[in-house]
Amino acid sequence: NFDKVIVFGPDHTSRSEFKVTTSDQNFIGYSKFVEVDAETAKSLKIPFDNELHRYEWSIADVVPFISQRFPHAKIVPVLFRWNLNYDESIKFGELIAKNMDDKTLLVASIDFAHIMPANEEFNNIEDGKSLDVLSSFRKEDVNALAAEGKPALIAFLRAMEIKGAKNVHLLNISAQSYPKGKSNQSVGYISLIYAK
């Protein structure tokens, strides 16, 4: 029964001039718009960049699932540029934790290793390292991983620590190669649940 879902994602294209941004524009779900929790977004005191959030897929891709599973929830979208440093990421995780209660779900929508040329075995090795770091809350090792959205991962882990969500359950870990002719890379995916 979550009524607020905070979604972290990377600013893939580094289009924004800001290191961390949010938006107050509603998102399209399955059959309706999903409303942004503007009050929480404002309380974060980070820049609004509606244009960036309109075109960044890391958050937009999970919104339909949120609208289906939690139809009454509002969302708080947060995008991170690659250059938010470790200390800034930790502080942001602490800020997010202050804006979470027992009816808040925090989601990090992040891909893991991108391997070129495609090699699913190598993906599995790199994603195994990521799984180990994420499961043991080793925030200081995140920047050494072959993963995108490292500042978001650091902030996510710090928020989970503060909220006492230290039980980590693996749902799935896999690598996928793109179909021939589309791209010569493989991408890793890890699905984890953090709970008290």
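Every value quoted in this text rests on a predicted model; they were computed, and no experiment measured them.

**Here's the deal with the sheet that holds strand β6 (residues 104-108)**
Thought 1: Reading across from one edge, β2-β5-β1-β6 is the order of the four strands in this open sheet, with mixed pairing throughout. A strand with exactly one partner marks an edge of an open sheet, and here the two such strands are β2 (20-21) and β6.
Thought 2: The pairing of β2 with strand β5 (residues 74-80) spans two bridges and is antiparallel. Among the inter-strand pairings, V20 is bridged to a residue of β5, identified as F80.
Thought 3: Here helix α5 (residues 86-98) sits on the sheet in contact with β1 (4-10), β2, β5 and β6, set at roughly 165° to β1.

**A look at the environment of F112**
Thought 1: Note on placement: F112 falls in the loop between β6 and β7 (114-115).
Thought 2: Given a relative accessible area of 4%, F112 falls into the buried group.
Thought 3: The sequence separation of F112 and G149 amounts to 37 residues, and the corresponding C-alpha distance is 8.5 Å.
Thought 4: In this view, F112 contacts D127, S130, L134, A146, A147, E148, L153, G188, Y189 and I190; residues no more than four positions away in its chain are not counted.

**What to know about the layout of surface pockets**
Thought 1: Taken as a whole, the largest pocket encloses approximately 1,100 Å³ of empty space.
Thought 2: Taken together, 38 residues line the largest pocket, and the ones lying closest to its centre are L106, V107, A108, F156 and L192.
Thought 3: Of all the secondary structure elements, the ones that give two or more residues to the lining of the largest pocket are α3 (57-60), α4 (63-69), β6, α7 (150-162) and β9 (186-195).
Thought 4: Looking at which element gives the most residues to the lining of the largest pocket, the answer is β9, with seven residues.
Thought 5: Along the lines of polarity and charge, the residues of the lining of the largest pocket split into 26 nonpolar, five polar and seven charged.
Thought 6: There is about 170 Å³ of room inside the second largest pocket.
Thought 7: Every residue along the wall of the second largest pocket is listed here: S23, Q25, N26, F27, I28, N50, H53, R54, A60 and V63.

**Side note on α5**
Thought 1: Over its 13 residues, α5 extends 19 Å from the first C-alpha to the last, a length consistent with the 18 Å expected when each residue adds 1.5 Å.
Thought 2: Here α5 has its buried residues at S89, I90, F92, G93, I96 and A97. Projection of α5 onto a plane perpendicular to its axis shows the buried side chains occupying an angular sector of 165°, all on one side. Along α5, exposed side chains directed more than 90 degrees from the buried face belong to D87, K91 and K98.
Thought 3: Against the buried residues of α5 lie β1, β2, β5, β6 and α7.
Thought 4: The opening residue of α5, the one whose side-chain oxygen lies 3.1 Å from the backbone nitrogen of D87, is N85.

**Details of the packing of aromatic side chains**
Thought 1: According to the stated counting rule, one finds six aromatic pairs in the structure shown.
Thought 2: With centroids separated by 6.2 Å and ring planes inclined at 50°, the aromatic side chains of F8 and F92 adopt a geometry described as tilted. Taken as a pair, F8 in strand β1 and F92 in helix α5 lie far apart in primary sequence, 84 residues in all. With respect to class, F8 is no different from F92; both count as buried.
Thought 3: Between F80 and F92 the ring centres are 5.5 Å apart and the planes differ by 90°, which places this aromatic pair in the edge-to-face class.

**Some details on the sheet that holds β7**
Thought 1: Taken in spatial order, the three strands of this open sheet run β7-β9-β8, and their pairing is antiparallel. Edge strands, defined here as strands with exactly one partner in the open sheet, are β7 and β8 (167-177).
Thought 2: Direction of pairing for β7 relative to β9: antiparallel, over a ladder of two bridges. Counterpart to H114 in the pairing with β9 is V187.

The rules behind each value
Residues numbered from 1 in each chain as written. Predicted model: local features only at pLDDT ≥ 70, side-chain atom pairs only at ≥ 80, totals over all residues. Heavy atoms only, no water. Pairing = 2+ DSSP bridges. Helix = DSSP H or I, 4+ residues; strand = E, 2+ residues; numbered from the N terminus. Contact = heavy atoms within 4.5 Å. Axes fitted to C-alpha atoms, helices over the stretch in contact; angles between N-to-C directions. Buried < 20%, exposed > 50% of the residue type's maximum accessible area, 1.4 Å probe, protein only. 1 Å grid on protein atoms, 1.4 Å probe; cavity = no way out; pocket = protein on both sides within 12 Å on 5 of 7 lines; lining within 4 Å. Points joined across faces, edges and corners; volume = space filled by probe spheres on them. Nonpolar A, V, L, I, M, F, W, Y, C, P; charged D, E, K, R; others polar. Expected span 1.5 Å × (residues − 1). Arc of directions from axis to C-beta. Polar contact = N/O pair within 3.5 Å; in protein donor to acceptor, adjacent residues only side chain to side chain. Phe/Tyr/Trp six-rings, centres within 6.5 Å; stacked < 30°, edge-to-face > 60°.

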